Structure formats: structure tokens, C-alpha cells
Amino acid sequence: MATYFISGIDTDAGKSIVTGIIARTFISDGVKVITQKFIQTGCTGLSEDILKHREIMGIAPQEVDRDGTTCPYVMTYPASPHLAAEIDGVSIDIRRIRRSTERLEELYDVVLLEGAGGLYVPVTRGYLTIDYVQEYGHPLILVASSKLGSINHTLMSLELCRLRGVEVSHVVYNEYPNDSELIKNDSITIIRSYLERHFPECRLLELPVVEGGKWGSARLEL
């Protein structure tokens, strides 16, 4: 049984797509897997990211989705969780999120817990996303992208993990938007070199651009 925390190098790195594709791959391998959303902002009702996961996984929303277990907090304003919660008058209890994960761990072999934005996104005024990852010791899957600036964002995120002692199990290099083959190929070369020096046990996965609903696969080694 394993729980992975999936974070991005920024807010548009493709975390939800990657989370769904990893879950879809686990299903094809016969693994009992579920996805969870740390905190959802900018929508009402069921988490839109959970619904995207289920679409990619090829399954309907589950009972653990409908009862709020897979996303304990859904806020209406599209902002960082701390601000969205203040606007909606919600008090975020970290222990509630943890209890939801523990329940899912009892029901499934693998839990994929998708964060909200990057590692330094505030959950409350005094608690960052990386504080949660460090506190509960989840292996991290970091989602990078091919857009200009991804080298800087990726290496800073990895340096932060080194500083905090966070285990980085995988870096997923999302080739979207693939605006430049030169940038894409150079960026992944630099990221690979960095991982070889500082995270030799970390696996680097490449995810081609998704086209026509052909989701592809992203296989983790448990």
C-alpha cells in the first residue's frame, strides 16, 4: 500500500492529467487505486479535478467522491487555498484531510493525492503545502512541463525538497505545451542531469502531449 503526493512546479503544470493517467495505468495493471484532491478551489459541488481523474480513468464518480472523502474541501473562489477559504468563511483543518487519506488507504492499495498548485502554496496563513508533505512523509511525484521557465521552477522545487528532506520518487516531465523542441529537449536533459547528481533513486518519466483523448500511460515502480 502506498500514498503518493502529486505536486506541480506551478499551477498549470498538468497535475490533474498526470494524476489521472497514472491512476489509469494502475487500473490497467490490476492495482486497486483511487485519487484524492488535497483542496479544490474555483468550483462548487464535486471537485472538478476529481471528475477529470475519473474521466481519464474511465470510471464513474465513486461513493468516496460523493461523500467528500476524496476532496474534503471545495471552495468557490479560484485562488490559493488559504485565500479561497477566507473568502468562503471556511476553516481548513489539516487533520480532516489526513483522516480522509487514512480512510482511502483502508479501501485501496494506492492513493494518489493531488495537491493544489506548487509546493509553496499556502494551505493556511501559517502552513504550506510542503509542510503537509514533510509532516506525513508521502513520497512526492513532481510534475514538470516543457514551457519556458520550467528548468528554473523544477530545480527550485527539487532544491526545496532536498532542504526539507522530502523523498522525490518520480519527476514526470509533461511535454505539453511543447512550443519548442529545442527548449523541451534541453530542459529534460538538464533536469535528468540534476536528478542523477542529487536524486539518484528518483525516476524520470516522460509524458507525451495528449491528443484526441488518447491518454497514454505513466507507470510507477512501487
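Computed from a predicted model, the values in this text were never measured in an experiment.

(A) Representation of the overall build of the protein. Secondary structure assignment for the protein yields 8 helices and 10 strands. Against the compact-globule benchmark of 17 Å for 222 residues, the protein has a radius of gyration of 16 Å, which places it among compact chains. If you line up the protein on its principal axes, its C-alpha atoms span 45 × 40 × 30 Å. In the protein, which comprises 222 residues, the share counted as buried stands at 51%. Nonlocal contacts in the protein, meaning residues at least 24 apart in sequence, comprise 76% of its contacts between residues at least 6 apart. Surface summary for the protein: the accessible area is close to 10100 Å², and the carbon and sulfur share equals 50%. Distance from the positive charge centre (22 side chains) to the negative charge centre (30 side chains) of the protein: 2 Å.

(B) Focus on the packing of helix 1 (residues 15-28) against helix 2 (residues 48-57). Between helix 1 and helix 2, whose axes approach to 8 Å, the crossing angle comes to 40°. Taken together, the axes of helix 1 and helix 2 lie oblique to each other. As for how helix 1 packs across helix 2, the hand of that crossing is right-handed. Contacts between helix 1 and helix 2 involve Ser16, Ile17, Thr19, Gly20, Ile21, Ala23, Arg24 and Ile27 on the former and, on the latter, Asp49, Lys52, His53, Ile56 and Met57. When its residues are assigned to classes, the contact of helix 1 with helix 2 shows 6 nonpolar, 4 polar and 3 charged.

(C) Focus on the pairing of strand 1 (residues 2-8). Of all 7 residues that make up strand 1, 7 are buried, and the element is covered over most of its length. Burial of strand 1 is two-sided: the residues Ala2, Tyr4, Ile6 and Gly8 facing one way and the residues Thr3, Phe5 and Ser7 facing the other way are all buried. Pairing between strand 1 and strand 5 (residues 110-114): 5 bridges, direction parallel. In the strand pairing of strand 5, Thr3 is matched with Val111.

(D) Expanded view of the nonpolar core. Ile22 and Leu112 are the most contacted members of the largest nonpolar core, which totals 56 residues. Not counting residues up to four positions away in its chain, the partners in contact with Ile22 are Ile6, Leu112, Ile141, Ala218 and Leu220. With 5 residues, the next largest nonpolar core counts Ile34, Val64, Tyr108 and Val111 among its residues.

(E) Structural detail: the pattern of salt bridges. Tallied over the entire structure, the rule returns 17 salt bridges. Here Asp10 ties to Lys147 by a salt bridge, and the two come within 3.2 Å at their closest N and O atoms. Of this pair, Asp10 sits in the loop between strand 1 and helix 1 while Lys147 is found in the loop between strand 8 (140-145) and helix 7 (150-164), placing the two residues 137 residues apart along the sequence. Judged by its relative accessible area of 16%, Asp10 is buried. Of the residues examined, Lys147 reaches a relative accessible area of 27% and is grouped as partly exposed.

(F) Expanded view of a nonpolar patch on the surface. A cluster of nonpolar residues, Tyr77, Leu83 and Ile87, forms a patch on the protein surface that exposes about 270 Å² of accessible area. With respect to the secondary-structure elements, Ile87 resides in helix 4 (residues 81-88).

(G) The arrangement of the packing of helix 7 against helix 8 (residues 181-198) in detail. Running from N to C, helix 7 and helix 8 point in directions that differ by 15°, and their axes come no closer than 10 Å. Comparing their axes, helix 8 and helix 7 come out roughly parallel. Where helix 7 crosses over helix 8, the two elements pack in a sense that is right-handed. Counted together, Ser150, Ile151, Thr154, Leu155, Leu158, Glu159 and Arg162 of helix 7 and Asp186, Ser187, Ile190, Ile191, Tyr194, Leu195 and His198 of helix 8 form the full contact between these two elements. Grouping the amino acids of the contact of helix 7 with helix 8 by side-chain chemistry returns 7 nonpolar, 4 polar and 3 charged.

About the thresholds
Residues numbered from 1 in each chain as written. Predicted model: local features only at pLDDT ≥ 70, side-chain atom pairs only at ≥ 80, totals over all residues. Heavy atoms only, no water. Helix = DSSP H or I, 4+ residues; strand = E, 2+ residues; numbered from the N terminus. Rg over C-alpha atoms; globule rule 2.2 N^0.38 Å. Buried < 20%, exposed > 50% of the residue type's maximum accessible area, 1.4 Å probe, protein only. Contact = heavy atoms within 4.5 Å. Areas by Shrake-Rupley, 256 points an atom, 1.4 Å probe, with all protein chains shown as cover. Lys, Arg positive; Asp, Glu negative; His and termini not counted. Charge placed at Lys NZ, Arg CZ, Asp CG, Glu CD. Axes fitted to C-alpha atoms, helices over the stretch in contact; angles between N-to-C directions. Parallel < 35°, antiparallel > 145°, perpendicular 65-115°, else oblique. Left-handed = near helix turned anticlockwise from the far one by under 90°. Nonpolar A, V, L, I, M, F, W, Y, C, P; charged D, E, K, R; others polar. Pairing = 2+ DSSP bridges. Core = buried A, V, L, I, M, F, W, Y, C linked by side-chain atoms within 4.5 Å. Salt bridge = Lys/Arg side-chain N within 4 Å of Asp/Glu carboxyl O. Patch = residues over 30% accessible without salt bridge, like charges linked within 9 Å, V, L, I, M, F, W, Y side chains within 5 Å.

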